[in-house]
Amino acid sequence: MTEEVKLMKGNEAIAHAAVRCGADGYFGYPITPQSEIMETLMELKPWETTGMVVLQAESEVAAINMVYGGAGTGKAVMTSSSSPGVSLKQEGISYIAGAELPCLIVNVMRGGPGLGTIQPSQADYFQAVKGGGHGDYRLITLAPASVQEMADFVALGFDLAFKYCNPAMILADGIIGQMMEKVVLPPFRPRRTEEEIRTQMPWAVQGKTAGRKRNVITSLELEPAKMEENNIRFQTKYKEIEKAEVRYEEIGCEDADYLIIAFGSMARICQKTIEMARAEGLKIGLLRPITLWPFPTDIISSYADKVKGMISVELNAGQMVEDVRLAVNGRVKVEHFGRLGGIVPTPDEVLDAIKQKLL
Amino acid sequence: MKQEIIIAGFGGQGVLSMGKILAYSGLMENKEVSWMPSYGPEQRGGTANVTVILSDERISSPVLNAFDIAIILNQPSLEKFESKVKPGGILIYDGYGIHQAPARKDIQVYRIDAMDTANEMKNGKAFNMIVLGGLLKIAPMVSLENVLKGLKKSLPERHHKLIPMNEQAILKGMEIIKKL
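Reading the values: the criteria
Residues numbered from 1 in each chain as written. Chains lettered and ligands numbered in written order. Predicted model: local features only at pLDDT ≥ 70, side-chain atom pairs only at ≥ 80, totals over all residues. Heavy atoms only, no water. Helix = DSSP H or I, 4+ residues; strand = E, 2+ residues; numbered from the N terminus. Rg over C-alpha atoms; globule rule 2.2 N^0.38 Å. Buried < 20%, exposed > 50% of the residue type's maximum accessible area, 1.4 Å probe, protein only. Contact = heavy atoms within 4.5 Å. Areas by Shrake-Rupley, 256 points an atom, 1.4 Å probe, with all protein chains shown as cover. Lys, Arg positive; Asp, Glu negative; His and termini not counted. Charge placed at Lys NZ, Arg CZ, Asp CG, Glu CD. Buried area = accessible area lost by both parts, 1.4 Å probe. Salt bridge = Lys/Arg side-chain N within 4 Å of Asp/Glu carboxyl O. Polar contact = N/O pair within 3.5 Å; in protein donor to acceptor, adjacent residues only side chain to side chain. Nonpolar A, V, L, I, M, F, W, Y, C, P; charged D, E, K, R; others polar. Pairing = 2+ DSSP bridges. Axes fitted to C-alpha atoms, helices over the stretch in contact; angles between N-to-C directions. Phe/Tyr/Trp six-rings, centres within 6.5 Å; stacked < 30°, edge-to-face > 60°. Lys NZ or Arg CZ within 6 Å of the ring centre and 35° of its normal. Domains from an automatic or database assignment.

A. Local environment of the overall build of chain A. A count of helical and extended segments in chain A gives 14 helices and 14 strands. Computed over its C-alpha atoms, the radius of gyration of chain A comes to 21 Å, within 12% of the 21 Å expected for a compact globule of 359 residues. Each of the three principal axes of chain A carries a C-alpha extent, and together these read 70 × 50 × 40 Å. Here chain A holds 359 residues, and the buried ones make up 59% of them. Of all intrachain contacts in chain A linking residues separated by at least 6 positions in sequence, the fraction that spans at least 24 positions is 78%. On chain A, roughly 14400 Å² of surface is accessible, and the fraction owed to carbon and sulfur atoms is 52%. Side-chain charges in chain A split into 38 positive and 45 negative, and the spacing between the mean points of these groups amounts to 3 Å.

B. Focus on the interface of chain A and chain B. Taken together, the contact between chain A and chain B spans 29 residues of the former and 27 residues of the latter. Taken together, the two surfaces of chain A and chain B that pack against each other cover about 2200 Å², and 59% of this comes from carbon and sulfur. Among the residues chain A hides against chain B, the three largest losses belong to A:Leu7, A:Met180 and A:Lys182. Together they make up 29% of the total. The interface formed by chain A and chain B contains 4 salt bridges. B:Glu32 is the partner of A:Lys182 in a salt bridge, and the nearest nitrogen-oxygen pair spans 3.6 Å. Across the contact surface, chain A and chain B share 10 residue pairs in polar contact (both at pLDDT 80 or more). Within the residue set of the side of chain A that touches chain B, elements represented by two or more residues are β1 (5–9), α8 (174–178), β8 (180–184), α11 (264–279) and α14 (347–357) of chain A. Per-element accounting of the side of chain A that touches chain B gives the leading share, 6 residues, to α11(A). Here the residues of the side of chain A that touches chain B sort into 13 nonpolar, 6 polar and 10 charged. Direction of pairing for β8(A) relative to strand β2 (residues 32–37) of chain B: antiparallel, over a ladder of 2 bridges. Bridged to A:Met180 within β2(B) is B:Trp35.

C. The arrangement of the sheet that holds strand β12 (residues 291–293) of chain A in detail. Residues and elements named next belong to chain A. The sheet built from 7 strands is open, its strands ordered β3-β2-β4-β5-β7-β6-β12 with mixed pairing. Single-partner strands in this sheet number two, and they are β3 (53–56) and β12. Averaged over all pairs of adjacent strands, the angle between their axes in this sheet comes to 20 degrees, without regard to strand direction. In terms of strand pairing, strand β2 (residues 25–28) meets strand β4 (residues 77–81) through 2 bridges, oriented parallel. When the bridges of β4 are listed, Gly 25 appears paired with Val 77.

D. Quick peek at the sheet that holds β2(B). Taking strand neighbours across the sheet as the criterion, the 9 strands line up as β1(A)-β8(A)-β2(B)-β3(B)-β1(B)-β4(B)-β5(B)-β6(B)-β7(B) in an open arrangement whose pairing is mixed. Each edge of the open sheet carries a strand with a single partner, namely β1 of chain A together with β7 (178–179) of chain B. As defined by bridge partners, strand β6 (residues 108–112) of chain B adjoins β7(B) across 2 bridges and the pair is classed as antiparallel. Each residue of the ladder has a partner; that of B:Tyr110, found in β7(B), is B:Lys179.

E. Spotlight on the packing of aromatic side chains. On inspection of all chains with the given rule, the structure shows 5 aromatic pairs over all chains. Here the aromatic rings of A:Tyr125 and A:Phe263 are separated by 5.7 Å at their centres, their planes lie at 40 degrees, and the arrangement is tilted. One end of the pair, A:Tyr125, is in helix α6 (residues 125–130); the other, A:Phe263, is in the loop between β10 (258–261) and α11, with 138 residues separating them in the sequence. Owing to a relative accessible area of 0%, A:Tyr125 belongs among the buried residues under this scheme. Every member of this aromatic cluster is reached through a ring pair, and the members are A:Tyr125, A:Phe126 and A:Phe263. Directly above the aromatic system of B:Trp35 lies the positively charged group of B:Lys20, at a separation of 5.5 Å from the ring centroid.

F. A look at the domain arrangement of chain A. All names here are of chain A. Along its sequence, chain A is organised into domain 1 (5–194) and domain 2 (249–357). The C-alpha-based centres of domain 1 and domain 2 are spaced at 27 Å. The interface of domain 1 with domain 2 comprises 30 residues on the first partner and 24 residues on the second. Taken together, both faces of the contact between domain 1 and domain 2 bury some 2100 Å²; the carbon and sulfur share is 57%. Glu 149 is the partner of Arg 288 in a salt bridge, and the nearest nitrogen-oxygen pair spans 2.7 Å.

G. Representation of the environment of A:Thr117 within the structure. Residues and elements named next belong to chain A. By secondary structure assignment, the location of Thr 117 is in the loop between β5 (103–109) and α6. Along the chain, Thr 117 and Glu 242 lie 125 residues apart, while their C-alpha atoms are 34 Å from each other. Apart from residues no more than four positions distant in its own chain, Thr 117 is found in contact with Arg 110, Gly 111, Gly 341 and Gly 342.

H. Layout of the side chain of A:Lys75. Residue and element names in this part refer to chain A. Within the secondary structure, Lys 75 sits in the loop between α3 (60–72) and β4. Polar side-chain contacts of Lys 75 include one of 2.5 Å to the side chain of Glu 194. Those residues in contact with Lys 75, other than ones at most four positions away along the chain, are Asp 24, Gly 70, Phe 162, Arg 191, Glu 194 and Ile 197.

Next comes the structure, spelled out in structure tokens:
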């Protein structure tokens, strides 16, 4: 079968990709700007083809706890929401991380805090990569910058989540969710059979069989010594992820005098900024973190001695810039530029900011 | 070749769907395409706009500060986007929604009385396709054949019977657009 190029919104791409990559269940509650994810799934009716469950829960809290339950049985389950809804899910995400279960959470960010605005934002960076919920846990965080990546990161997110028994998040924003671009949908892969789940996920609660110990899914451990042991195990796993799973893209970095660090939609806008800068003879490069956690610390650090300055361009008041500064540890000037509350800067606005802050 | 286009007007005028048909037509010609709508409550009664980019190369930013072509369908959109047309670029406006004509002298301004024509055709729904026809006359970035293919792709099958009417509207638009 030849690959068919389709034109669709980022949100629609996520829904199609979920069905195609063999997801077992989606549980969600509508909120702009990501409602098309569930709408598209409902239109696709995957329960009639692959058997995937699609359910509109009574709330975001219910949805994430359905994900918790589904994940406990070894199923590939997901939820999606936008900023205020993802805040509601944080307790569940912490429990899922604490119980070491795989799942996929999609956050198509909008401006906050509070109910904020429905326009695009990247102000949930801290929430996604620094915690969000309580306790010492980490969320594998993927930042798509195109509709194609919205589609591709569904399977990638599930694969990483299952590889490490840890929740994974796709952290997108209203631009990537709402825009239409060309996309080649991933090939179909079947849902795991019950037998495959039993052999691949021996921890899953599938009904106890004779001759094996009871599987228990919990994040609770009242014995502090054991709870510390659990935490050490989590941290060991996180170190492993930090070693193996960093992903990033470099655009025009090799000869750059200045470096932009930007992710998601902002990285797309900054690509145009770079085109404009280079037309003026300014050598600016773009380093785009694809995984926000694990953060591409080493590669950013390696540029600290090669460039005259860095600027973190984000749709927020300065969040990722902290991780960039930690990476370079004072060896090079790191500035921040961002617009707030749903305002999206144009490519020339970014260029002006670079001239003002770095040159 | 790259065309950076803004289509702006009132919600309900078919701004977003006109952009969508343009994007689908670009897809039919194997171009790179990007369709970035303004979304939210403004779609329901307020101003709506969509940025469409058709390009032979990979598209960097879906968000733009300057446009090759602006299609302006109401006064607030003219005020917002007239200054954003690149020097030498094209501005097309519908006379019905605009009471103060564009003032810039360094761009090519075209007028298309699409609303009046749609009313004459007794088909308000033809409005955005008349405008699209005008655009394709001035800047033939996609062939009519591929627009019709794009229409087929973007319309649900139950609406395919409307395609001949849309073709007629596009042809009408090509006829009535005039340079100022």
